[in-house]
Amino acid sequence: MKLLIAHGNDASFLTLIEKIKKLNAKAGPFTHILIVGDVKSETIDNIGDVSDLPTLYIFGAEGESTIDIVQLNGFGVYECQDKLTIGYTTQTTKQLNESKKALWNKFKQLEDPVDIFISREWSSKVAALNELFSGTELLDNVVKMTQPKYHIAYGDNNHYFESKPFIWEDSNEISRFINIADFDSAKKWAYAFNLDMIKGESDNCTKKLDLIDSPYNAPSQKRALSTDKHIGDNNKVIVEPKQKRAKKVLPSTCHFCFTNASLADHMIISIGNSSYLTIVKGPLTTPKGDMDFSGHCLLIPIEHIPKYNVGQDKFSESTLVKEMTDYENSVVKMNYRKFDMSTIVFEINSERSIHFHKQIIPVPKYLIMKFEAALDRQLHFNNENFFNNAKLNFKKYSSTNGEYLKIRDDPKSNYLQFTVYETSEVVPKVYIAMFQSDMRLDLQFGRRVAAFLLKLPKRIKWDSPACLQSKEQEIMETEHFQKGYKEFDIMTQI
Ligand SMILES: [Zn+2]
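Residues numbered from 1 in each chain as written. Predicted model: local features only at pLDDT ≥ 70, side-chain atom pairs only at ≥ 80, totals over all residues. Heavy atoms only, no water.

- Going by the annotation in an unreviewed UniProt entry, the name recorded for the protein chain is Cwf19-like C-terminal domain-containing protein, with Maudiozyma barnettii given as the source organism.

Structure (structure tokens):
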């Protein structure tokens, strides 16, 4: 699908249309032509014959024109007949602020990412990429919710700006941000592109892209900017090269720490001496068969440690390892003996993590055989397409294998690990991939593999509408889990 987006203004609108006609004849024909900018409806009425052009969409025009074009104002999501979806907000920062709630509610309901997102203003996250102005934080969440392949803005009349591509971690889609300059600016005022309408991961997309980290994963930049720029001796502004700031989360604000007052204690299933078990926010799995709860849970050390092995004394014999192993086995036992399910455990061991945890996910027995195929597929996708992601190379071991335990028991190793329990009665298989701590890592990798295996593409994101649960539902989940788990709980067994 070939698309053209142009930035017009009222004074030159009719000249713009003539230019677009020429472009369409020369570089087109385009499937759709989108025009952004402040144009009056009376001007649009004088547009003349546009029958040789495809459907015209005008964003942000004042008033209602009488001619046959699609006029979009305010904010919303428009789905074209050919399924192209366009999210948009033509609002100024002030208007965004006034309609903040309605705006978020609107985009929160989206089930799938949009193809294109059009906004007058820049989000603060993309504004941080070129540092000319601050953008608006009001759009950060909206863009994150819509996860467009192309985010087109037109708030800066005098500059054309195109970001390097980045990846939405949840959907694995490649995204770009572009600001199109005004028609009269002598800068680039139109942008033509091909849009691949196949949603989701495509196997034939193997070209290497110069990707940047998603600006939407970056911490707020405001303070960073003011400290990075300062006035030098001869009154010149000196901009220090940006340093990578390590994320630092204190136990008082960590979601997994008991010292944090806002820890969601209604989600806790069982508490041990050095670790605890909770249900998760936005579970991947859903109740199945006799299991009347999702079954997806987290096993978390009580101590605020980024990885399992941070160099504790006699790590492999420590109470932490003993207790977490017992907890893990007890859930695996429940899944298998009571609900006839296999289990997958996923964990990231990285010195750059915040608070270590293991994800425990029940998997129907007939699917567990396909785990390796699911892992291979996601691996191929990760390693082929994202050349600045850590290249993952999984090795398969038995969980009692000496070579594997050597990796686990070395506090210096950083690794991803899947533990696959076909039943609770045999020694599980471990798939482990080491990586360098400074490499970019797909934090969703584990959930992505499990979602692919379970054929739950809509549940990859924990915060997608399909997965989110109310507090009441979470309380129910915890109660049902506790009921199913009672006879296996290591804390009531003793
Ligand atoms: Zn913590």
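And the narrative resumes.
## Observations concerning the overall build of the protein chain
Argument step 1. The helix and strand tally for the protein chain stands at 14 helices and 22 strands.
Argument step 2. Counting all 494 residues of the protein chain, 51% fall into the buried class.
Argument step 3. A separation of at least 24 residues holds for 67% of the contacts in the protein chain among residues at least 6 apart in sequence.
Argument step 4. With an accessible surface of roughly 24300 Å², the protein chain has 52% of that area assigned to carbon and sulfur atoms.
Argument step 5. When the 62 positive and 64 negative side-chain charges of the protein chain are each reduced to one mean point, those points stand 3 Å apart. (Helix = DSSP H or I, 4+ residues; strand = E, 2+ residues; numbered from the N terminus. Buried < 20%, exposed > 50% of the residue type's maximum accessible area, 1.4 Å probe, protein only. Contact = heavy atoms within 4.5 Å. Areas by Shrake-Rupley, 256 points an atom, 1.4 Å probe, with all protein chains shown as cover. Lys, Arg positive; Asp, Glu negative; His and termini not counted. Charge placed at Lys NZ, Arg CZ, Asp CG, Glu CD.)

## Section: the side chain of Ser163
Argument step 1. Here Ser163 shows up in the loop between β9 (161-162) and β10 (166-167).
Argument step 2. When sequence neighbours within four positions are dropped, the list of residues in contact with Ser163 reads Leu129, Arg176 and Phe177.

## A word on the sheet that holds strand β4 (residues 70-72)
Argument step 1. The five strands lie next to each other as β4-β3-β2-β1-β12, forming an open sheet whose pairing is mixed. Among the strands making up the open sheet, the edge pair consists of β4 and β12 (190-194). Each adjacent strand pair in this sheet contributes to an overall mean axis angle of 20°, direction not counted.
Argument step 2. Sheet topology places strand β2 (residues 32-36) next to strand β3 (residues 56-59); four bridges connect them, and they run parallel. Pairing of Ile35 across the sheet is with Ile58, part of β3.
Argument step 3. Contacting β1 (2-7), β2 and β3, helix α1 (residues 13-26) runs over the sheet at an angle of about 155° to β2. (Pairing = 2+ DSSP bridges. Axes fitted to C-alpha atoms, helices over the stretch in contact; angles between N-to-C directions.)

## A look at the coordination of the zinc ion
Argument step 1. The zinc ion binds to the protein through Cys254 (SG), Cys257 (SG), His304 (ND1) and His355 (ND1); the donor distances cover 2.0 to 2.3 Å.
Argument step 2. Coordination at the zinc ion is tetrahedral: its four donor atoms span angles of 98 to 120° at the metal.
Argument step 3. If you list the donors of the zinc ion from N- to C-terminus, the spacing comes out as C-x2-C-x46-H-x50-H. In this pair, Cys254 sits in the loop between β14 (237-239) and β15 (268-271) while His304 sits in the loop between β17 (297-301) and α8 (319-338), placing the two residues 50 residues apart along the sequence.
Argument step 4. Judged by its relative accessible area of 3%, Cys254 is buried.
Argument step 5. Residue His304 is classed as partly exposed on the basis of its relative accessible area, which comes to 24%. (Donors = N, O, S within 2.8 Å, 3.2 Å for Na, K, Ca; no water. Tetrahedral: all angles 85-135°; square planar, octahedral: opposite > 155°, others 65-115°.)

## Some details on the nonpolar core
Argument step 1. By size, the foremost hydrophobic cluster in this structure holds 30 residues, and its most contacted members are Phe371, Phe394, Leu416, Phe418 and Phe445.
Argument step 2. Here this core takes five residues from helix α12 (residues 445-453), the largest share from any one element.
Argument step 3. If near-sequence neighbours (up to four positions away) are discounted, Phe394 is found in contact with Leu375, Leu379, Leu416, Phe418, Tyr431, Ile432, Ala433 and Phe445.
Argument step 4. If you look at the next biggest cluster of nonpolar residues, it comprises 28 residues, including Phe315, Val332, Phe481 and Tyr485. (Core = buried A, V, L, I, M, F, W, Y, C linked by side-chain atoms within 4.5 Å.)

## Re unusual backbone geometry
Argument step 1. In this structure, Pro29 follows Gly28 across a cis peptide bond, with omega equal to 0°.
Argument step 2. Within the secondary structure, Pro29 sits in the loop between α1 and β2.
Argument step 3. Positive phi values are uncommon outside glycine, yet Ala186 reaches one of about 70°.
Argument step 4. Overall, Ala186 belongs to the exposed group, its relative accessible area being 78%.
Argument step 5. Of note, the phi angle at Lys314 is positive, near 45°, even though the residue is not glycine.
Argument step 6. Using a relative accessible area of 63% as the deciding quantity, one classes Lys314 as exposed.

## Section: the packing of aromatic side chains
For any pair of aromatic rings, geometry is given as the distance between the ring centres together with the angle between the planes.
Argument step 1. Enumeration according to the criterion identifies 25 aromatic pairs in this entry.
Argument step 2. Judged by centre distance (4.8 Å) and plane angle (65°), the ring pair of Trp122 and Phe177 falls under edge-to-face. On the criterion of sequence distance, the pair formed by Trp122 in the loop between β7 (116-119) and α5 (124-130) and Phe177 in strand β11 (residues 174-179) is long-range, its members being 55 residues apart.
Argument step 3. Judged by relative accessible area, which is 1%, Trp122 ranks as buried.
Argument step 4. When its relative accessible area of 1% is taken as the criterion, Phe177 is described as buried.
Argument step 5. Three or more aromatic residues link up through ring pairs in this structure, and these residues are Phe346, Phe371, Phe394, Phe418, Tyr431 and Phe445. (Phe/Tyr/Trp six-rings, centres within 6.5 Å; stacked < 30°, edge-to-face > 60°.)

## Focus: the UniProt feature "domain: Cwf19-like protein C-terminal" (unreviewed entry) in the protein chain
Argument step 1. With numbering aligned to this structure, UniProt lists the feature "domain: Cwf19-like protein C-terminal" (unreviewed entry) at residues 396-489.
Argument step 2. Here residues 396-489 is 33% helix and 17% strand, with 29 Å between the C-alpha atoms at its ends. (UniProt positions renumbered as here; feature names shortened; annotations may be inferred.)

## Notes on the sheet that holds strand β19 (residues 358-364)
What links the strands of a sheet is backbone hydrogen bonding, and the strands pair in either a parallel or an antiparallel sense.
Argument step 1. In spatial order, the strands read β15-β16-β17-β19-β18-β21-β22-β20; together these eight strands make up an open sheet with antiparallel pairing. With one partner strand each, in any of the chains shown, β15 and β20 (395-398) form the two edges of the open sheet. Adjacent strand axes in the sheet meet at a mean angle of 20°, parallel and antiparallel pairs treated alike.
Argument step 2. Strand direction decides the pairing type here: β17 and β19, joined by three bridges, are antiparallel. Counted as the bridge partner of Leu298 is Gln359 from β19.
Argument step 3. In the packing of helix α13 (residues 471-485) onto the sheet, contacts are made with β15, β16 (275-279) and β17, and the angle to β15 comes to roughly 45°.

## Remarks on the pattern of salt bridges
Argument step 1. Taken as a whole and assessed by the stated rule, the structure comprises 18 salt bridges.
Argument step 2. The closest approach of N and O atoms between Lys83 and Glu79, which form a salt bridge, is 3.4 Å.
Argument step 3. With relative accessibility at 54%, the residue Lys83 sits in the exposed group.
Argument step 4. Note that Asp409 is salt-bridged to Arg408, the shortest N-O span being 2.9 Å.
Argument step 5. Judged by its relative accessible area of 13%, Arg408 falls in the buried class. (Salt bridge = Lys/Arg side-chain N within 4 Å of Asp/Glu carboxyl O.)

## Focus on the environment of Glu79
Argument step 1. One can find Glu79 in strand β5 (residues 75-79).
Argument step 2. Given the relative accessible area of 45%, Glu79 is considered partly exposed.
Argument step 3. Linking Glu79 and Val114, residues 35 residues apart in sequence, is a C-alpha distance of 9.1 Å.
Argument step 4. Excluding residues that lie within four positions of it along the chain, Glu79 makes contacts with Leu84 and Thr85.
Argument step 5. Within the structure, Glu79 has its side chain in polar contact with the side chain of Lys83 (distance 3.4 Å). (Polar contact = N/O pair within 3.5 Å; in protein donor to acceptor, adjacent residues only side chain to side chain.)

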